[in-house]
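# Structural description and commentary
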Amino acid sequence: MKEYKQRFYTSNEVSQHNTLRDCWVSFLGKVYNLTPLCEKYTGDILLKPILMSAGKDISNWFDEKTRDIRRYVDPVTGCNMPYCPLGRFVHIAPPFPSSDWANDFVTPWWKDARYSIGTLSKKTRFIKIINTLTSQDQTLEVCSEETMDEILHRYLFFNAHAGSYTWKYEGRNLDEEFSSQRCTLTNYIELAIGPIG
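What comes next concerns the included structure. (Residues numbered from 1 in each chain as written. Predicted model: local features only at pLDDT ≥ 70, side-chain atom pairs only at ≥ 80, totals over all residues. Heavy atoms only, no water.)

For the rest of this paragraph, the subject is the layout of surface pockets. By volume, the largest pocket amounts to about 270 Å³. If you trace the largest pocket, you find 15 residues lining it, with Arg71, Met81, Pro82, Ile92 and Ala93 closest to the centre. Mapped by element, the contributors of at least two residues to the lining of the largest pocket are β5 (71–73) and β6 (80–82). (1 Å grid on protein atoms, 1.4 Å probe; cavity = no way out; pocket = protein on both sides within 12 Å on 5 of 7 lines; lining within 4 Å. Points joined across faces, edges and corners; volume = space filled by probe spheres on them. Helix = DSSP H or I, 4+ residues; strand = E, 2+ residues; numbered from the N terminus.)

It is worth spelling out the pairing of strand β7 (residues 116–120) at this point. Bridge count between strand β1 (residues 8–9) and β7: 2 bridges; the pairing is parallel. Counterpart to Phe8 in the pairing with β7 is Thr119. Across 3 bridges, strand β4 (residues 30–33) lies against β7 in antiparallel orientation. Within β7, the position partnered with Lys30 by the bridge is Thr119. (Pairing = 2+ DSSP bridges.)

This paragraph deals with the side chain of Asp74. By the element assignment, Asp74 lies in the loop between β5 and β6. One buried charge, Asp74, has no salt-bridge partner; the nearest side chain with opposite charge is Arg71, at 11 Å. Side-chain polar atoms of Asp74 contact the backbone nitrogen of Val76, separated by 2.7 Å. For Asp74, the contacting residues outside a window of four places in its chain are Cys79 and Met81. (Buried < 20%, exposed > 50% of the residue type's maximum accessible area, 1.4 Å probe, protein only. Lys, Arg positive; Asp, Glu negative; His and termini not counted. Salt bridge = Lys/Arg side-chain N within 4 Å of Asp/Glu carboxyl O. Polar contact = N/O pair within 3.5 Å; in protein donor to acceptor, adjacent residues only side chain to side chain. Contact = heavy atoms within 4.5 Å.)

Here's what the structure looks like:
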């Protein structure tokens, strides 16, 4: 089997990565693994807003058009400032000149492609997979954008032999390009699997 890289993630999947040692966030439709950033800045107070938001969507921090940090005009100073709803965070300059601010990071984390791991699903649905050989069933939350091959990879956790089965929806065999988007408009669909034959 070829190497598999997951392309789509559910909000529930992102929410499970909410610690210093396993920190994911989503924003503007993408999912980011910030664990390496957390390792690099462990103990830094500027990491606190990121850790408070671990496992969550932080799109409200960013401008949709520029994909950069949102900005506002400070009413006291009249200066154009970065919007930091939970306080200043890693790679945000201090509000005043400071000689101890290390700006040697080249690219801020929100623009660094190394942290981007996939796309946040616009819509998820539940799929009940029924093994016709054993009568066992498993309900999975999947991304509506995923193909049959991607759904299969989610299901391999529950049944390592699933790749050798015939997959069916409403009695028809499915190919690997099948997508749950093609199914009826319900949020819940049933797939049947069984031995090839």
